[in-house]
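Chain and residue survey
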Amino acid sequence: MDMDEQRSWSENHKALNEIISKPQEHSQAIQLFLSLHAWLHSSEVGNAGKQTLKDAVVENLNEITFRKYPVTLPNTKNSIAWHLWHISRIEDMTMSILVADDQQVLYGGNWFEKMDTRFSHSGNEMIEEDIVELSSSINFEALLAYRTAVGKQTRQIISMMTPGQLKEKVDPKRIKRLFDENAVTQNASWLADYWRKKSIAGLMLMPATRHIFLHLKKCMHIKNKFNKPIKNPLQR
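Since we're looking at a predicted model, the values are computed, not measured. (Residues numbered from 1 in each chain as written. Predicted model: local features only at pLDDT ≥ 70, side-chain atom pairs only at ≥ 80, totals over all residues. Heavy atoms only, no water.)

Tracing the backbone shows Thr 117 in the loop between helix H7 (111-115) and helix H8 (128-137). Here Thr 117 is in contact with Trp 85, Phe 112 and Leu 134, once residues within four sequence places are set aside. (Helix = DSSP H or I, 4+ residues; strand = E, 2+ residues; numbered from the N terminus. Contact = heavy atoms within 4.5 Å.)

Structure follows, in structure tokens:
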């Protein structure tokens, strides 16, 4: 994604913000969301044949850069591994639990074993030792596969929304599930409080799109600063 593509994405996101809560614009809003969302996942999720921002992040990414923590950038010190984990978990829990009241993708495909991680929460308020553990041990290919599965489920969930439904507020019982399933820790309870005030439209505009966009841009900054070509990059 070059700068023109990033500006175009942001402009379209503003357009979505203007129509997303209007029932008479429902079909257009859903299609615009799906288009924006597609650029944040691998091309196999919703943008077949075109390179996405996520594709650009992982292309020729070497393992040292993927796992590097801390990084020395003004807007982040976390690793690319952490950022990809964080956006995947946030999208999974907000779409699967708060929007659909369904099972999280994380629990549907033996992902703990595949990704070689013990963490189930979003990574917010994560202590430094745990960031080191996650960054150094998580399986790269499995993390990407989990992220792809999350993206596909999001698209299924949002495609089934009906006119007027996007204006509905989050059910408080679903907020409780975040803590019951250790998706959000008590130390990060402010995150649940933030989502408690949102409508489904609000969750689509931030956790499922703009939040991902901002973190992938951070990943690109890390990659551009630290990635050096090596014989065996993580992703070809």
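In this section: the packing of helix H2 (residues 26-38) against helix H9 (residues 140-159). In contact at an axis separation of 10 Å, H2 and H9 are set at 175 degrees when each is read in the N-to-C sense. Taken together, the axes of H2 and H9 are roughly antiparallel relative to one another. Two secondary-structure elements touch here, H2 through Ile 30, Phe 33, Leu 34, His 37 and Ala 38 and H9 through Gly 151, Thr 154, Arg 155, Ile 158 and Ser 159. Residues belonging to the contact of H2 with H9 are distributed by class as follows: five nonpolar, four polar and one charged. (Axes fitted to C-alpha atoms, helices over the stretch in contact; angles between N-to-C directions. Parallel < 35°, antiparallel > 145°, perpendicular 65-115°, else oblique. Nonpolar A, V, L, I, M, F, W, Y, C, P; charged D, E, K, R; others polar.)

Evaluation of the coordinates by the stated rule reveals 12 salt bridges. Linking Arg 7 and Asp 4 is a salt bridge whose minimum nitrogen-to-oxygen distance equals 2.4 Å. A residue pair is termed a helical-turn pair when its members lie 3 or 4 positions apart in one helix, as Arg 7 and Asp 4 do in helix H1 (residues 3-19) at three residues. Taking the relative accessible area as the measure of exposure, Arg 7 reaches 44% and is therefore partly exposed. A residue is classified by how much of its surface remains accessible, and Asp 4, at 52% relative accessible area, is exposed. Salt bridges sharing partners connect three or more residues here, namely Asp 101, Arg 177 and Glu 181. (Salt bridge = Lys/Arg side-chain N within 4 Å of Asp/Glu carboxyl O. Buried < 20%, exposed > 50% of the residue type's maximum accessible area, 1.4 Å probe, protein only.)

Within this structure's numbering, the places UniProt gives as "domain: DinB-like" (unreviewed entry) are residues 57-173. Measuring from the first to the last C-alpha atom of residues 57-173 gives 36 Å, for a span that is 55% helix and 0% strand. (UniProt positions renumbered as here; feature names shortened; annotations may be inferred.)

A word on the nonpolar core. Within the largest apolar cluster, 74 residues are counted, with the highest numbers of intra-cluster contacts made by Phe 66, Leu 84, Met 115, Leu 178 and Trp 195. Counting residues per element, this core draws most heavily on helix H12 (residues 200-226), which supplies 13 residues. (Core = buried A, V, L, I, M, F, W, Y, C linked by side-chain atoms within 4.5 Å.)

As a packed pair, H1 and H12 sit with axes 12 Å apart at the nearest point and diverge in direction by 165 degrees. When the axis of H1 is compared with that of H12, the two are roughly antiparallel. At the point where H1 passes H12, the crossing takes the left-handed sense. In this structure, H1 contributes Gln 6, Trp 9, Ser 10, His 13, Leu 16 and Asn 17 to the contact, and H12 contributes Leu 205, Thr 209, Arg 210, Phe 213 and Lys 217. (Left-handed = near helix turned anticlockwise from the far one by under 90°.)

So, on to the packing of aromatic side chains. Throughout the structure, instances matching the rule amount to five aromatic pairs. When the centroid spacing of 4.8 Å and the interplanar angle of 85 degrees are considered together, the rings of Phe 66 and Phe 140 count as edge-to-face. Highlighted residues: Phe 66 in helix H5 (residues 63-67) and Phe 140 in helix H9, separated in sequence by 74 residues. With relative accessibility at 0%, the residue Phe 66 sits in the buried group. With relative accessibility at 3%, the residue Phe 140 sits in the buried group. Summarising the aromatic geometry, the rings of Tyr 107 and Phe 112 are spaced 5.7 Å apart at their centres and angled 55 degrees between planes, so their arrangement reads as tilted. Overall, the relative accessible area of 36% leaves Tyr 107 in the partly exposed class. The exposure class assigned to Phe 112 is partly exposed, which follows from its relative accessible area of 26%. Three or more aromatic residues link up through ring pairs in this structure, and these residues are Trp 85, Trp 111 and Tyr 146. (Phe/Tyr/Trp six-rings, centres within 6.5 Å; stacked < 30°, edge-to-face > 60°.)

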